[in-house]
Amino acid sequence: MATGLPVVAADAMALPHLVRPGVNGHLYAPGDVEGLAGALTDLLADPVGRARLGLGSRVLAQDHALHRTVATFEDHYGRLAGTAARPAWPRRGLAVAA
């Protein structure tokens, strides 16, 4: 997703939270080999659709960027600890790619 490619994944576990059909890829039923093959064939046959879904992947992946993930955890722990203060990001020695 972060590299801007469409995703084909089984509709299981946490994968449906990352793959949104028609936005960044396709889901298929676990064990459905024909569904997997069909999703891959669709992507291979449609370069414009592949590019559009790839862009959708890139946009959705930004929600999972390191600085956002860390900030979310800091917010949760801050609320549990009863403080709204959050350390400044990025921390010394850590670089964040935009």
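What you see is a predicted model, and the numbers here were worked out from it, not measured in a lab. (Residues numbered from 1 in each chain as written. Predicted model: local features only at pLDDT ≥ 70, side-chain atom pairs only at ≥ 80, totals over all residues. Heavy atoms only, no water.)

Let us now look at a nonpolar patch on the surface. Judged by side-chain polarity, Phe73, Tyr77 and Leu80 come together as a nonpolar surface patch covering roughly 400 Å² of accessible area. As for its placement among the helices and strands, Leu80 is situated in helix H4 (residues 66-81). (Patch = residues over 30% accessible without salt bridge, like charges linked within 9 Å, V, L, I, M, F, W, Y side chains within 5 Å. Areas by Shrake-Rupley, 256 points an atom, 1.4 Å probe, with all protein chains shown as cover. Salt bridge = Lys/Arg side-chain N within 4 Å of Asp/Glu carboxyl O. Helix = DSSP H or I, 4+ residues; strand = E, 2+ residues; numbered from the N terminus.)

What follows deals with the pattern of salt bridges. Per the stated rule, a full pass over the model turns up one salt bridge. Between Arg68 and Asp63 there is a salt bridge, and its shortest N-O distance comes to 3.2 Å. Taking relative accessible area as the criterion, Arg68 reaches 39% and is therefore assigned partly exposed. Judged by its relative accessible area of 44%, Asp63 falls in the partly exposed class. (Buried < 20%, exposed > 50% of the residue type's maximum accessible area, 1.4 Å probe, protein only.)

Between its first and last C-alpha, helix H2 (residues 33-45) extends 18 Å over 13 residues, near the 18 Å set by a 1.5 Å rise per residue. Regarding H2, its N-cap is Asp32, as a side-chain oxygen of that residue lies 3.3 Å from the backbone nitrogen of Glu34 further along. (Expected span 1.5 Å × (residues − 1). Polar contact = N/O pair within 3.5 Å; in protein donor to acceptor, adjacent residues only side chain to side chain.)

Right, let's get into H4. Here H4 contains 16 residues, and its C-alpha end-to-end distance of 22 Å stays within 8% of the 22 Å for a straight helix at 1.5 Å per residue. Among the residues of H4, those classed as buried are Ala71, Glu74 and Gly78. Summarising the axial view, the buried residues of H4 lie within an arc of 60 degrees, below the 170-degree limit, and thus occupy one face. Along H4, the residues that are exposed and aim more than 90 degrees away from the buried face are Leu66, Tyr77, Arg79 and Leu80. At the exit of H4 stands Gly82, carrying a positive phi of roughly 80 degrees. (Arc of directions from axis to C-beta.)

Moving on to the confidence of the model for the chain. With 85% of its residues at a pLDDT of at least 70, the chain reaches an overall mean of 86. For the stretch residues 92-98, pLDDT sits under 50, and the model shows five contacts to residues farther than four places along the chain or on other chains. (pLDDT = per-residue confidence, 0-100. Contact = heavy atoms within 4.5 Å.)

Here Leu27 is to be found in strand S2 (residues 25-28). In the structure, Leu27 is positioned 17 residues away from Ala10 in sequence and 5.4 Å away in space, judged by C-alpha atoms. If near-sequence neighbours (up to four positions away) are discounted, Leu27 is found in contact with Ala9, Ala10, Asp11, Pro16, Val19 and Pro21.

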